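Here are the chains, one letter per residue:
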Amino acid sequence: MREIGLKTSIKRNNVIGELAKGDRPTLIFNGHFDTVEAFKGWSRDPFGAEIVGDKIFGRGASDDKSSVTAEIFAAQVLLEAGVDLKGKLIVTAVGDEETGGLRGADYLLSNELISGDACLLGDAANGYPFGYCGGTMYITITIKGKTAHGLAFPDLPSPFRNENSGINTVERMVKVMNFLLELKDELLKKITTYPTSEGWGSNVSSINLAEIHGGTKITTVPDRCYLHLSVNTIPEQDVASIKQRLLVFIEDMKKEDPDLDITVQIPIAMEPQVIDESSDFAKIVQKVAEKIYGEKREFKTLMPSTDAHWFQERGIPTILVGASAKDNNIHAEDEFVYIKDLMDLVKMFALTALNYLR
Amino acid sequence: MERNVLEKSILIEIERLRDEIINFHQDIIKIPSENPPGKYKEISKVIQKKYEELGLTTISKRNNVIGTYGNSEHPSLILYGHMDTVPAYDGWSKDPFGAEILDGKIYGRGSCDDKSCVTAAIFALQSLLNLKIKINGKLSLLATIDEETGGFNGTKYMLDKGLVSGDACLLGDGRGSFPAAYTGGFLLVTFLIKGKTAHALSFPDIPLYRNEYSGVNAIQKMVRILNFLTQLQAEFLNNETKYPNFPGHPSKVSTVNIAKIEGGDKLSAVPDKCLLYCIINTIPEQDVESIKTRILEFIEASKQEDPELNINIQFTMSFEPFISNTNLKFANSVQKTLKTIYGEEREFKLFQSANDGHFFHEHGIETILMGTGSHECNVHSPDEFVKIDDLIDTTKIFALTIFNYLRKD
């Protein structure tokens, strides 16, 4: 960023590059340079950046180093072309997105290291601007019980128990999981009216039971069980009411079962967001997309959680763009990006800034 | 000499050996024999040396030690104890290998389960030899390994290879104070469900809305199995055993313990693997085979309903319950012995936890369990201990059982 002529600063490894001509309007570009782990099973070096045909392979090739590359070269093109811009362009490349963004985008915003009137956030599928975001909630449920010899003192109801009996946490978690699956079935009935991106998953809210860990040895009653899950909603489904229903269910469980020692943690809960399509920013992004793709491209709905909500919650209208084709193996082995999609994304960033800051 | 005079002299001799018994017991508690990992060479050598000192014909195979004594093949009695222990685990207020004595108790991993029975068997025979009491037939002292993980390299190996044999086995494991002639059945079942990983928010597992990128959630599919097992437990509650339990053991029904579950490795992904371990423990009236059949039938039905279900099921270990005949000479010898020690009849109890007893039973050997201590001894938990008085009582019970079963009339 410094090389191309931006004024840079680094906070907690988050990089901010500024091109300031005035104060208003301010446009923020955002991309994240952290990736999920490489994980196993690659047929290529996950850090080799090998080019095969029209693809570049590597962890982060698509999600989301493509956006970091694109936003930088967009700024470079504007600078080299000597375009006379007003206002301010802030190019941000952040970490920590994959684990929630608390030390990344949220840190920069909450410490007022950046602020703006609009944000073009690179972390989405290719081909369309995303103006509608689903809600997301990460939940951890912990049950503590009592260990005991699993055969001598199992967890049974009265009269088959005494003070030595175990309290089985996995068994109790089964009730919670059944509740969550019933809730999931219910959520599936409500289909979003916002357009979804073809091939990208679903147009309903869902619940993913992501991780469960309970017990340590086969001969004992397990005294700890952890369940990690994510809830992902369509724009019409608020997150707060789901949270409320879960908490009410847990309270009822406690009333029925005095032995139950259960904790619910919700480290991240973000409500869905919908862009104002009549705003200048929205109109500009749509015009730019039309220019790049040669046809009108409607706003789509993005269901995965990204850093976008950190901007949206602070009143910064945010539209997502990206280079990720659905076959890019993001978060999986052999991740790649199509060079064409990367180039389109550079253009997307560049033309949006050009039109918004002209 | 009269039977009860000889019995009395045996009991006196064991009291005389009290300090020697305690010292030896402390010595073997100080030798770790945790299973896992299962390093037994040192303890096995110490036991073998002790057997040799007693004048036994001794064999050691895979660190199992057997010492035989006698002049004919029948009647033949096996006195069993196992040398391996569960791991120490955390949370001790004492050194788990310190063998510290406090308030008449010896602390340490294995102090009760089951080194107490290894020690007791040795000194039971020692007392008879010291008194030059003649016995008929054959006595085998057997100190095994691997009990805590199923007994495959221990008791099963020794029996299958014909390295140990007998008409009867006094199996030193489980609880003291009462003999156990009835044991429950056992089944360790493992379920492995494989799914398909995917970005959890982009491509969640939703059958109605799926495409070729969608995940298949292995944890979600396991819930069906968990519900089946919960239902099985609820059913078992209606079927109480008629056999009496040990004091402090209130469960009189077959049990399903969902012991361990592991699924998924990151919050943002659809989990592609879920592994579930479950132990089923039956009352003597409930056979294990029919439970296996029901599980397999349930799995088959589930596969029919859900063609995507990729499930692998393993019955890692299983054995049927057994009921020993309590009217035979061996059972009578044990009961006579207990009346002498406790001054009253002690009924045969049901011992529900898994142990090596079934291997002997399956080889046609009459088997009665007689261990040390009670449910209060923190077996498999921090601060395991044995009361010295219980250790001495077990030694006496073993000695008198040998005497009553094998003595020359």
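Residues numbered from 1 in each chain as written. Chains lettered and ligands numbered in written order. Predicted model: local features only at pLDDT ≥ 70, side-chain atom pairs only at ≥ 80, totals over all residues. Heavy atoms only, no water.

Below, the discussion takes up the overall build of chain B. Across its full length, chain B carries 10 helices and 16 strands. Along the first, second and third principal axes, the C-alpha set of chain B runs to 90 × 45 × 40 Å. Expressed as a percentage of the 409 residues in chain B, the buried residues total 59%. If you take every contact in chain B between residues at least 6 apart in sequence, the share linking residues at least 24 apart comes to 80%. When the accessible surface of chain B is summed, it comes to about 15600 Å², and 47% of that surface belongs to carbon and sulfur atoms. (Helix = DSSP H or I, 4+ residues; strand = E, 2+ residues; numbered from the N terminus. Buried < 20%, exposed > 50% of the residue type's maximum accessible area, 1.4 Å probe, protein only. Contact = heavy atoms within 4.5 Å. Areas by Shrake-Rupley, 256 points an atom, 1.4 Å probe, with all protein chains shown as cover.)

Counting its regular elements, chain A contains 7 helices and 16 strands. For the C-alpha atoms alone, the extent of chain A along its principal axes is close to 85 × 45 × 40 Å. Looking at the 358 residues of chain A, the share that counts as buried comes to 59%. Considering only contacts in chain A between residues 6 or more positions apart, those separated by 24 or more positions represent 78%. About 14700 Å² of surface is accessible on chain A, with carbon and sulfur atoms providing 49% of the total.

Attention now moves to the interface of chain B and chain A. In this complex, chain B contributes 56 residues to the contact, which on the side of chain A involves 60 residues. Sorting the residues of chain B by area buried against chain A places Leu201(B), Tyr209(B) and Leu267(B) first, and these three jointly supply 15% of that buried surface. Linking chain B to chain A there are 0 salt bridges. Across the contact surface, chain B and chain A share 20 residue pairs in polar contact (both at pLDDT 80 or more). Listing elements by their share of the side of chain B that touches chain A, those giving two or more residues are strand 9 (186–194), helix 6 (218–236), strand 10 (255–263) and strand 11 (273–281) of chain B. With 9 residues, strand 10 of chain B is the single largest residue contributor to the side of chain B that touches chain A. Among the residues forming the side of chain B that touches chain A, the class breakdown is 28 nonpolar, 20 polar and 8 charged. Relative to strand 10 of chain B, strand 10 (residues 206–214) of chain A runs antiparallel, the two sharing 3 bridges. Within the sheet, the bridge partner assigned to Ile212(A) lies in strand 10 of chain B and is Gly263(B). (Buried area = accessible area lost by both parts, 1.4 Å probe. Salt bridge = Lys/Arg side-chain N within 4 Å of Asp/Glu carboxyl O. Polar contact = N/O pair within 3.5 Å; in protein donor to acceptor, adjacent residues only side chain to side chain. Nonpolar A, V, L, I, M, F, W, Y, C, P; charged D, E, K, R; others polar. Pairing = 2+ DSSP bridges.)

Summed over the entire model, instances satisfying the criterion amount to 18 aromatic pairs over all chains. When the centroid spacing of 5.4 Å and the interplanar angle of 45 degrees are considered together, the rings of Phe57(A) and Phe336(A) count as tilted. Of this pair, Phe57(A) sits in strand 5 (residues 55–57) while Phe336(A) sits in strand 16 (residues 336–338); the two residues are 279 residues apart in sequence, bridging distant segments of the chain. The pair Phe57(A) / Phe336(A) is uniform in exposure class, with both members buried. Taking the centre distance of 6.4 Å and the plane angle of 70 degrees together, the rings of Phe152(B) and Phe359(B) count as edge-to-face. Placement of the pair is Phe152(B) in the loop between strand 6 (138–144) and helix 5 (155–160) and Phe359(B) in helix 9 (residues 357–362), with a sequence separation of 207 residues. Taking relative accessible area as the criterion, Phe152(B) reaches 39% and is therefore assigned partly exposed. Note on Phe359(B): relative accessible area 5%, which makes it buried. Taking NZ or CZ as reference, Lys217(A) lies 3.8 Å from the ring centre of Tyr89(B), over its face. (Phe/Tyr/Trp six-rings, centres within 6.5 Å; stacked < 30°, edge-to-face > 60°. Lys NZ or Arg CZ within 6 Å of the ring centre and 35° of its normal.)

Turning to the sheet that holds strand 11 of chain B, a few remarks are in order. Pairing is antiparallel in the open sheet, where 8 strands are placed in the order 12(A)-9(A)-11(A)-10(A)-10(B)-11(B)-9(B)-12(B). Sheet topology places strand 12 (261–270) of chain A together with strand 12 (310–319) of chain B at the edges, where each strand pairs with a single neighbour. Taken pair by pair, the neighbouring strands of this sheet meet at an average axis angle of 20 degrees, ignoring direction. The sheet contact formed by strand 10 of chain B and strand 11 of chain B spans 8 bridges and is antiparallel. Considered in strand 11 of chain B, the bridge of Glu262(B) is made with Leu275(B). Strand contacts of helix 3 (residues 169–187) of chain A: strand 9 (136–144), strand 10, strand 11 (224–232) and strand 12 of chain A together with strand 10 of chain B, with the helix running at about 170 degrees to strand 10 of chain A, the strand carrying the most contacts. (Axes fitted to C-alpha atoms, helices over the stretch in contact; angles between N-to-C directions.)

Okay, the pairing of strand 2 (residues 14–20) of chain A next. Regular strands place side chains that alternate from one sheet face to the opposite one. Buried residues dominate strand 2 of chain A, accounting for 6 of its 7 residues. Hairpin remark: strand 1 (residues 7–11) of chain A followed by strand 2 of chain A, antiparallel, with 2 residues in the connecting loop; positive phi at Arg12(A), about 50 degrees.

Okay, the packing of helix 1 (residues 3–16) of chain B against helix 4 (residues 115–130) of chain B next. Residues and elements named next belong to chain B. Put simply, helix 1 and helix 4 touch, their axes get as near as 9 Å, and they point 115 degrees apart. Every pair of crossing elements has a handedness; the one defined by helix 1 and helix 4 is right-handed. Two secondary-structure elements touch here, helix 1 through Ile10, Glu13, Ile14 and Arg16 and helix 4 through Ser127, Leu128 and Asn130. (Left-handed = near helix turned anticlockwise from the far one by under 90°.)

On to the sheet that holds strand 16 (residues 385–387) of chain B. All names here are of chain B. Pairing is antiparallel across the open sheet formed by 3 strands, whose spatial order is 4-5-16. Lying at the two open borders of the sheet, with one neighbouring strand each, are strand 4 (101–102) and strand 16. In this sheet, strand 5 (residues 105–107) lies alongside strand 4 in antiparallel orientation, the contact comprising 2 bridges. If you follow Leu102 over to strand 5, its bridge partner there is Lys105. Taken strand by strand, helix 2 (residues 18–29) contacts strand 4, strand 5 and strand 16, and its axis lies near 20 degrees from that of strand 5.

Moving on: the pattern of salt bridges. All names here are of chain B. Applying the stated criterion across every chain yields a total of 35 salt bridges over all chains. Residues Glu53 and Lys50 are paired through a salt bridge, measuring 3.9 Å at the closest nitrogen-oxygen approach. Note that Glu53 and Lys50 are positioned in helix 3 (residues 41–53) at a spacing of 3 residues, about one turn of the helix. Taking relative accessible area as the criterion, Lys50 reaches 12% and is therefore assigned buried. Measuring nitrogen to oxygen at the nearest pair gives 2.6 Å for the salt bridge that ties Arg109 to Glu384. Of the two residues, Arg109 is situated in the loop between strand 5 and helix 4 and Glu384 in the loop between strand 15 (366–369) and strand 16; the sequence distance between them amounts to 275 residues. Given a relative accessible area of 1%, Glu384 falls into the buried group.

Attention now goes to the nonpolar core. Formed by 69 residues in total, the largest nonpolar core has its most connected members in Ile47(B), Leu141(B) and Phe398(B). Counting residues per element, this core draws most heavily on helix 10 (residues 388–406) of chain B, at 11 residues. The contacts of Phe398(B), once residues within four sequence positions are left out, are Leu79(B), Cys117(B), Ala120(B), Ala121(B), Ala124(B), Leu170(B), Gly172(B) and Met370(B). By size, the runner-up hydrophobic cluster in this structure holds 55 residues, among which are Leu246(A), Ile193(B), Met222(B) and Phe228(B). (Core = buried A, V, L, I, M, F, W, Y, C linked by side-chain atoms within 4.5 Å.)

On to helix 3 of chain A. For helix 3 of chain A, built from 19 residues, the straight-helix expectation of 27 Å at 1.5 Å per residue is met to within 8% by its first-to-last C-alpha distance of 27 Å. Of all 19 residues in helix 3 of chain A, 14 are buried, a share of seventy percent or more. (Expected span 1.5 Å × (residues − 1).)

Sizing a probe to match a water molecule and rolling it over the atoms shows the empty space that remains. Applying the stated criterion across every chain yields a total of 5 cavities of 30 Å³ or more. Considering only enclosed or pocket space, the largest cavity measures out at about 280 Å³ in volume. Its residues assigned to classes, the lining of the largest cavity comprises 10 nonpolar, 10 polar and 5 charged. (1 Å grid on protein atoms, 1.4 Å probe; cavity = no way out; pocket = protein on both sides within 12 Å on 5 of 7 lines; lining within 4 Å. Points joined across faces, edges and corners; volume = space filled by probe spheres on them.)

Here helix 2 of chain B contains 12 residues, and its C-alpha end-to-end distance of 17 Å stays within 8% of the 16 Å for a straight helix at 1.5 Å per residue. Of all the residues in helix 2 of chain B, the buried ones are Ile21(B), Ile22(B), Phe24(B), His25(B), Gln26(B), Ile28(B) and Ile29(B).

Residues and elements named next belong to chain B. Cis rather than trans, the peptide bond between Pro36 and Pro37 has omega equal to 10 degrees. Look at the link from His74 to Pro75: it is a cis peptide, with omega at -10 degrees. Of note, Pro75 is situated in the loop between strand 2 (64–70) and strand 3 (76–82). Of note, the phi angle at Tyr89 is positive, near 60 degrees, even though the residue is not glycine. Looking at the element boundaries, Tyr89 is found in the loop between strand 3 and strand 4. Positive phi, normally seen in glycine, also occurs at Ser177, with a value near 75 degrees. Position of Ser177 relative to the elements: it lies in the loop between strand 7 (168–171) and strand 8 (180–183). Taking the relative accessible area as the measure of exposure, Ser177 reaches 30% and is therefore partly exposed.

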